[in-house]
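Per-entry structural report
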Amino acid sequence: MSDVREATATLRSERPGVDDDLRAVLDVDADTETWTFDDIPIDSGTFGELVSRGIVEKVDGEYRVADRDAVQAALDGEEIQSTADDAEPSLEFDLDLPPRRVGLALAAALAFVVAVRLVAFPSVFRSEHVVLLGNDPYAYRYLLLQSLEQGATVTSLPDSILLGEPLLTATLLAATKLLGGTVETADLVLAWYPVVAGLVTAALVYVLAVQLTEDRRIGVASVVILAVTPVHAYRTAIGFADHHAFDYVWLAVTAVAAVALLQRTSTEEATHRGIVTPWTLALGGVVAVGVAGQVLAWNAGPVLLLPLALYSIVRATAAVDAGESPLVDLPLVVAVGLGGVLAVAVHTALNWQEFYIVATPLLLAAGLAAVLGVGELANRRGLSARLTAGSVAVAGGVVFAVAYTVVPEFGAEFTKELDRLVQAGSVEGIAETASLFGTQYGTVVGPFFFFGLSLFFALPYLAWSLVGGWQRNNPIWLLVGSYGGVFLLLALLQVRFAGQLALFASVFAGVAVVHLSAVTGATVPPAMVAAEGRDSWSDHSPELPAIPLPNRDTVVAIGFIVLLVGGLGAVISPARTTTLMVSDESYEAATFMDEYATEQGWEYPQNYVFSQWGDSRMYNAIVSGESRGYGFAQSNYEDFLASPNASEWYQRLNGRVGFVVVDRHSGLSDVGEETMYSRLHDWGNGTGHYRAVWASDDRSMKVFTLVPGATVTGSAEPNATVTATTTVDVAGREVTYSRTTTADASGNYSVRVPYPGSYEITGEEVTVSEEAVESGQSVRVDGG
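Because the structure is a prediction, the values reported are computed rather than measured.

1. So, the sheet that holds strand β8 (residues 701–706)
Taken in spatial order, the four strands of this open sheet run β5-β6-β8-β7, and their pairing is mixed. Either end of the sheet is taken by a strand with one partner, and the two such strands are β5 (609–610) and β7 (690–695). Where β7 meets β8, five bridges bridge the pair, whose relative direction is antiparallel. Bridge pairing in β8 places tryptophan 694 opposite valine 703. Packing of helix α29 (residues 646–653) onto the sheet brings it into contact with β5, β7 and β8, and relative to β7 it is tilted by some 80°.

The following block contains the structure:
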C-alpha cells in the first residue's frame, strides 16, 4: 500500500464528506498536467489537507495529484495488487511496510523502549568494572568466562553448560568471540544483550499487534505500552543479563511466525491455491526454529508451548461449530513437529539439554494432530460443539497419558514442574516463584509492580479476542488470546511468567489505547472491536488506519489515554530497575575486597565473600570470579547472623570464607544484642575471630576478615570481670573494640582478640602484634 493510498484512506476515514472533493480534483487533474487552486471547485481548508498529507504535490508553482491510481483505488476501496488468480504464488509479504509517518512513529516508540532500558547505565558502567544488575546474571557471566577460558566453541561447550540454557550461553559466546573474545568484550556483551533483546521483542510486538488488528496505530501503541511495562522493562534493562530476555525473543518469533502461517493457511484464497506454498514453507520453517529455540534456550521452555495446546483444542471446536474443517491448521502442527525434530537433532549432535526436554515438541505435535483428527471426524459426523470440545480434550489427554507413561523422564519432570507451579508463596526467598497476586507483593497491588495499570486495561480485550475468535472462528484471535490467557494463568501461579504475559498484554493494552481514544472522538475506532467485524481475516480493510498529523485537541486526548493506560508503568519501571542496581556502598565494598585479597595474595576459596545470598554472586564475581552459585550463602548466612555463637561459626567458616559482609539493609534488624548481626555491626565487639577492615560512610555496611586471633592471658582477682579495650583504625576512622571475660576461681583469665594494637586490661597495657593475631599466639599481660 502506497503512502498516497494510505493518506487518502485516512483522510476519508476522518472526513467522510471529502469523496466528492477528491473526485472533483481527479477530474481536473485528468484534463491538465498541472493546475492552480483556482481551477478546482473545493474550499481552501480541504485543499490544504490534500497538500499537507501529500495527496497533492506542488510542481513549478502549480499542483498535481501525486498518484492518481492510488487516490482512485482509495475511493473505490481496492488494493493496488494483482489477484490470486492472475499471479503465481510468490514470497510476497501480506503485512505492508509502514508508510513514512507510521515509520517515524514506530522508530520513536522503539527509541523510547531503549531509553527506558538505559536507566541503569551509570550503575552498570563504573570505573573499570561492568556491574551487572541483580543476582542471576553473574551466573551467566561465570559460564561465559569459563567457556572463553577453556577455548570452547558454540559446538563444543563445557559439560557444565550443556543443561539448562545452552543456547543462551552459545549465543553469548559467539557474540563475544565475534567482537574480540576478551573478558572486557564478554562483559559488554552481557550488559547490552538484554537491551537488544528488548528492542527485538518490541519490534515483534508491533508486527504481532498489526497482524491481530490490521491497525498500525495499535502496533505503535503496543510498543509504547511495552516500553513502560515494568516487568519487561527491568528484565530487558541494560546489565540484567538473565535468561528471560533471551526467552522472550524466541517466544515472540514463534508467536509472530505462527500467526503469519495461520494467515496464509486459513483463508479462502489458501483453499484455492493450496496451503503448501513457498510462503507457508518459509513461515513453517520459522515456527520450527522458534519452537526448537524455546526448548534449547531454557530447560523450562516446554512450558512456553502450552498456549499452542490450548489453541488447538479451542480452534478445533470453533471450526466444527462453524461447520468448517480444522485440518487447515495442519501446517502449524507439522511446523511444531519439525521444531521437535530440529531440537532432537541438536541434542544428538551437541548433547544440549536432556532428551525429554527437546522431545516435548514432538509430543505436543502428536497431541495437536490427534486433536485435529478428532475435530475433523466430528465435523464430518456433524457433532455439536460441546461433544467436539469433550472429544478433542480427551484426544489430547490420551496422547499426554501415553507420553507420561512411556517416557518416564517426561512424567517425572512434568510432576516436578507442576509441583513448582502450584506452590504458594516464594521458594526459599526467591521472589519470582511467588504468585502475581501473592501476599509477597500485596494481593491487590501486586500486579501494579509488574504491569502498572496496563494489564487491567488489556484483560477485557484479551477476553474479547477469545470470545470473538470463537464466534467468528478466527484463528488469529484465538491463537493470540490463547497465548495471553495461558501466560496469565501461569503468572497467577508464578510471577516468573509475567514477562511472557507482558508481550501479549501490551498488544491488548494497545487496542485499549486506540479504542478509548476513539471513544473520546480523537480517532476512528479499531476494526477489532467494531460492531460489524469482517467475516474473513483475509478481507483487508480498504481504510487501514495510519497515523495522521494530529491537531492539538487530538494530541491532548490521546496523550491522556496513553498516560491513563501506561502512566503508572512509566513511573514504576525505573523504580523497579533501580531496585536491581548494585548500591554504591556494595560496589565500594567489592572493589575494596578485591584489592585487599590481591595484596594478601589470596586465591579462591581464601577470598570467598560470605554475604546475603542475593548479593553473593556480585561480590564473588568482582573479588574471585567464582560466581556460579549462591547455595552456601543461601543455606548459612541468615543462620550465621542470628547465631550468638561466634567461635562455633568461625570453626565452620575458617578455610571456606575470606570475607564476611554485614548490611543493616539485610532485613534482620530485630535481633538480640548477642547475635552475630549485632556484634558485627558493633565492630566485632564480643568476638575474637572477626576483624573489621572496611565500612561504608554511614557505617551501615561493614566488611570483616576471619583471623585466628591472639589470646591475651593474665591474672586478676578470682571471678573478676576483665575487659580488654583498644582503639583501631577501620577504613580511616578510629573505632573502639572491647571484649569482656571472667577470671576463674584462681584469678586466671584469657581473652581472644582479632585486632593488633595496644590493649588496656586490668589497668595495664599489653601490645598484641599482627603476627600474634594471624597465628593465634598467646600474649601475657604481665610478661610472664
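2. Digging into the pattern of salt bridges
Under the definition given, this model contains 11 salt bridges. Its salt-bridge partner being aspartate 29, residue arginine 68 comes within 3.4 Å of it at the nearest N-O pair. One end of the pair, arginine 68, is in helix α4 (residues 68–76); the other, aspartate 29, is in helix α2 (residues 19–31), with 39 residues separating them in the sequence. A single salt-bridge network, built from bridges that share partners, covers Arg691, Glu770 and Glu774.

3. Topic: the environment of leucine 208
The topology assignment puts leucine 208 in helix α9 (residues 183–213). Those residues in contact with leucine 208 that sit more than four places away from it in its chain are Ala255, Val256, Val259, Val480, Phe504 and Val507.

4. Some points on the nonpolar core
Formed by 159 residues in total, the largest nonpolar core has its most connected members in Phe451, Phe504, Met593 and Tyr619. The leading source of residues in this core is α9, at 16 residues. Contacts of methionine 593, omitting those with residues within four sequence positions, involve Val609, Tyr619, Val623, Phe659, Val661 and Val703. Membership of the second largest hydrophobic core comes to 46 residues, among which are Tyr630, Phe640, Val712 and Ile761.

5. Concerning the packing of helix α28 (residues 631–642) against α29
At a minimum axis distance of 12 Å, the contact between α28 and α29 shows a crossing angle of 165°. Judged by the angle between their axes, α28 and α29 are roughly antiparallel. As α28 runs across α29, the sense of the crossing is left-handed. Between α28 and α29, the contacting residues are Phe632, Asn636, Asp639 and Phe640 on the first element and Trp649, Arg652 and Leu653 on the second. For the contact of α28 with α29, the residue count by class is four nonpolar, one polar and two charged.

6. So, unusual backbone geometry
Each neighbour pair has its own omega, and for tyrosine 604 with proline 605 the value is 10°, a cis peptide bond. Positionally, proline 605 belongs in the loop between α26 (584–600) and β5. Of note in the backbone geometry, glutamate 214 takes a positive phi value of approximately 55° without being a glycine. With respect to the helices and strands, glutamate 214 occurs in the loop between α9 and α10 (216–227). What makes glutamate 214 buried here is its relative accessible area of 9%.

7. Regarding a negative patch on the surface
Taken together, the side chains of Glu585, Glu588, Asp697 and Asp698 define an acidic patch exposed on the protein surface. Take glutamate 588: it is sitting in helix α26.

8. A few points about the packing of aromatic side chains
All chains considered together, the criterion is met by 28 aromatic pairs. Between tyrosine 483 and phenylalanine 487 the ring centres are 6.2 Å apart and the planes differ by 25°, which places this aromatic pair in the stacked class. Of this pair, tyrosine 483 and phenylalanine 487 both sit in helix α23 (residues 475–493), four residues apart, roughly one helical turn. With a relative accessible area of 0%, phenylalanine 487 lands in the buried category.

9. Side note on the packing of α9 against α10
Each pair of packed helices can be described by the angle between their axes along with the distance between the axes. Contact geometry of α9 with α10 gives a least axis separation of 8 Å together with a crossing angle of 145°. Relative to α10, the crossing made by α9 is right-handed. Contacts between α9 and α10 involve Thr201, Ala202, Val205, Tyr206, Ala209, Val210 and Thr213 from the first element and Arg216, Ile218, Gly219, Val220, Ser222, Val223 and Leu226 from the second.

10. Focus: the environment of valine 730
Relative to the assigned elements, valine 730 resides in strand β10 (residues 721–730). For valine 730, a relative accessible area of 1% gives the class buried. Taking C-alpha positions, valine 730 is 9.3 Å from arginine 691, a pair spaced 39 residues apart along the chain. Beyond its immediate stretch of four places on either side in the chain, valine 730 contacts Trp683, Ala692, Val693, Trp694, Ala695 and Val735.

11. Quick notes on the sheet that holds strand β12 (residues 748–753)
The sheet built from three strands is open, its strands ordered β12-β9-β15 with mixed pairing. A single partner strand is all that each edge strand has here, and the edge strands are β12 and β15 (778–780). Strand-to-strand, the axes of this sheet are offset by a mean angle of 25°, without reference to chain direction. Inspection of the sheet shows strand β9 (residues 710–715) paired to β12 by six bridges, in the antiparallel sense. What sits directly across from valine 712, in β12, is valine 751.

12. Details of the confidence of the model for the protein
Across the protein, the average pLDDT comes to 85, with 86% of residues at or above 70. A low-confidence stretch, residues 78–96 stays under pLDDT 50, and its non-local contacts, those more than four residues away or across chains, total 25 contacts. Across residues 531–544 the pLDDT falls below 50, and counting only partners more than four positions away or on other chains, this stretch makes 34 contacts in the model.

13. Some remarks on the pairing of strand β14 (residues 764–768)
Looking at chain direction, strand β13 (residues 757–761) and β14 are connected through five bridges and run antiparallel. By the bridge assignment, tyrosine 759 is partnered in β14 with valine 766.

Calculation notes
- Residues numbered from 1 in each chain as written.
- Predicted model: local features only at pLDDT ≥ 70, side-chain atom pairs only at ≥ 80, totals over all residues.
- Heavy atoms only, no water.
- Pairing = 2+ DSSP bridges.
- Helix = DSSP H or I, 4+ residues; strand = E, 2+ residues; numbered from the N terminus.
- Contact = heavy atoms within 4.5 Å.
- Axes fitted to C-alpha atoms, helices over the stretch in contact; angles between N-to-C directions.
- Salt bridge = Lys/Arg side-chain N within 4 Å of Asp/Glu carboxyl O.
- Core = buried A, V, L, I, M, F, W, Y, C linked by side-chain atoms within 4.5 Å.
- Buried < 20%, exposed > 50% of the residue type's maximum accessible area, 1.4 Å probe, protein only.
- Parallel < 35°, antiparallel > 145°, perpendicular 65-115°, else oblique.
- Left-handed = near helix turned anticlockwise from the far one by under 90°.
- Nonpolar A, V, L, I, M, F, W, Y, C, P; charged D, E, K, R; others polar.
- Patch = residues over 30% accessible without salt bridge, like charges linked within 9 Å, V, L, I, M, F, W, Y side chains within 5 Å.
- Areas by Shrake-Rupley, 256 points an atom, 1.4 Å probe, with all protein chains shown as cover.
- Lys, Arg positive; Asp, Glu negative; His and termini not counted.
- Charge placed at Lys NZ, Arg CZ, Asp CG, Glu CD.
- Phe/Tyr/Trp six-rings, centres within 6.5 Å; stacked < 30°, edge-to-face > 60°.
- pLDDT = per-residue confidence, 0-100.

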